[in-house]
Amino acid sequence: MTISGAWRRTARGAGLLADDGSVAASIFAEMSALAARTGALNLGQGFPDEDGPPEVLEAAQRAIRDGVNQYPPGRGMPVLRAAIAGHQKRFYGLDLDADSEILVTAGATEALAATLLALLEPGDEVVTFEPFYDAYGGLIALAGGIHRTVPLRAPGSVTETFQPDLDVLRAAVTDKTRLILVNDPHNPTGAVFTAETLTLIVELAHRHDALIVTDEVYEHLTFGARHIPISTLPGAWERTVTISSGGKTFSTTGWKVGWLSGPAALVTAILAVKQFLTYVNGAPFQPAMAVGLDLPDSYFSGIAAVLKAKRDTLATGLTRAGFTIALPQGSYFIVADARPVGYTDGAQFCRALPGLAGVVAVPISAFCSPDHRAEYASLVRFAYCKTTDVLTRAAANLATLSPA
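Nothing here was measured: the structure is a model prediction, and the numbers come from that model.

**Student:** How would you explain the packing of helix α5 (residues 107–119) against helix α9 (residues 264–274) if you had to name every residue and give the values?
**Tutor:** Close contact between α5 and α9 brings their axes to 8 Å; oriented N to C, the two are set at 105°. Between α5 and α9, the angle is such that the two are roughly perpendicular. Between α5, through E110, A114, T115, L117, A118 and L119, and α9, the contact on the second element is made entirely by L266, A269, I270, V273 and K274. Of the residues belonging to the contact of α5 with α9, the class tally is eight nonpolar, one polar and two charged.

See below:
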């Protein structure tokens, strides 16, 4: 059996297949394997190494014991959809119909896949910011879309963050644009977009009759910068699909329980695709996520405070080692420039780092299109969603790289 030439070209262009037809190994898989092989501290992949809140874990165990082990409803269990609606009201003042404007998915990635497959026609353009979460390029290609990017400008100092040039953003969104895909807080840079940027996105979507899709999985993990869902801005709701999940908020990335919300017509269109992807998912985890979303405000402020302290531990270590860093306002990640420690190629540096300092990171070039990789070539991403002990040891190891 052969694979069609058209599919092979699409898959290669999206980075899904290697030239020999095998599945292309991602840089994340490569770096995690390198960490396992060398015993290095894995600050490459963005998963926590601590369990989530006991209330949430116990709720999943209780659901299994109580027999919640068969297919849940296609839109998601009512208890979770009600909790999502309550969360959006409580934190953002949004009033959602839990029966028609919310869809539970197999993580945020499936929500993104179903949304793009449902809302794109072949040849439609999708605008994202670059660097971009690696799944975006593959999913856009699988949906037959054309990926356009707006590069984020590297900050000039540690107190600044990656932000887009608004004139470049204006030029990128045209009448050919079907979707503007926004990841905020942003992976991999840790940036939180300004109100000016978000307002312009809504304005451009109206001007060019585009839809907005937001990936907000780090919504509760911000430090001093308020997260503003685009759907709360004037004129945005009727053309916005908002995506999030519980994996990052409750340290349960392996449960793969996500959700999306938006106008009923858009949600129904996405459901029509989702039912042929996973159909349904994670029955006993859904009521557990509902428990998590109903936790008191102190839980959500607490996880941000703890993560900020971890960010600062790693940031201090990287600075002492000689890296130039951009202090993130959110997410799990911090971006460092390897040039001051003698490397202009971030990918080469990441492959050498386990031997140099017993630490694993990933190059920012893995989050870039081929046309823009050179602009970010020396930058690397470190994850600080690890125990304080791991981060302290990593900081000490990295300090050995310092020329001083």
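Anyway, onward from the coordinates.
**Student:** Tell me what's going on with the nonpolar core, and back it up with residues and numbers.
**Tutor:** Ranked by size, the top nonpolar core spans 125 residues in total, and within it F323, F382 and L398 carry the most contacts. Sort the elements by how many residues they give to this core and helix α11 (residues 297–321) lands first, with eight residues. Counting residues domain by domain, this core receives three or more from each of domain 1 (6–51 + 299–399) and domain 2 (54–294). Non-local contacts of F323, meaning those with residues more than four positions away in its chain, are made with L318, A336, D337, A338, V341, F349, F382, L398 and L401.

**Student:** Break down the packing of helix α4 (residues 78–92) against helix α10 (residues 285–293) for me, citing the residues and quoting the values.
**Tutor:** Packing of α4 against α10 leaves a shortest axis separation of 8 Å and a crossing angle of 20°. When the axes of α4 and α10 are compared, the pair comes out roughly parallel. Seen along the crossing, α4 lies across α10 with a hand that is left-handed. Listed contacts from α10 to V79, L80, A83, I84, H87 and R90 of α4 are Q286, P287, M289, A290 and L293.

Criteria and cut-off values
Residues numbered from 1 in each chain as written. Predicted model: local features only at pLDDT ≥ 70, side-chain atom pairs only at ≥ 80, totals over all residues. Heavy atoms only, no water. Axes fitted to C-alpha atoms, helices over the stretch in contact; angles between N-to-C directions. Helix = DSSP H or I, 4+ residues; strand = E, 2+ residues; numbered from the N terminus. Parallel < 35°, antiparallel > 145°, perpendicular 65-115°, else oblique. Contact = heavy atoms within 4.5 Å. Nonpolar A, V, L, I, M, F, W, Y, C, P; charged D, E, K, R; others polar. Core = buried A, V, L, I, M, F, W, Y, C linked by side-chain atoms within 4.5 Å. Buried < 20%, exposed > 50% of the residue type's maximum accessible area, 1.4 Å probe, protein only. Domains from an automatic or database assignment. Left-handed = near helix turned anticlockwise from the far one by under 90°.

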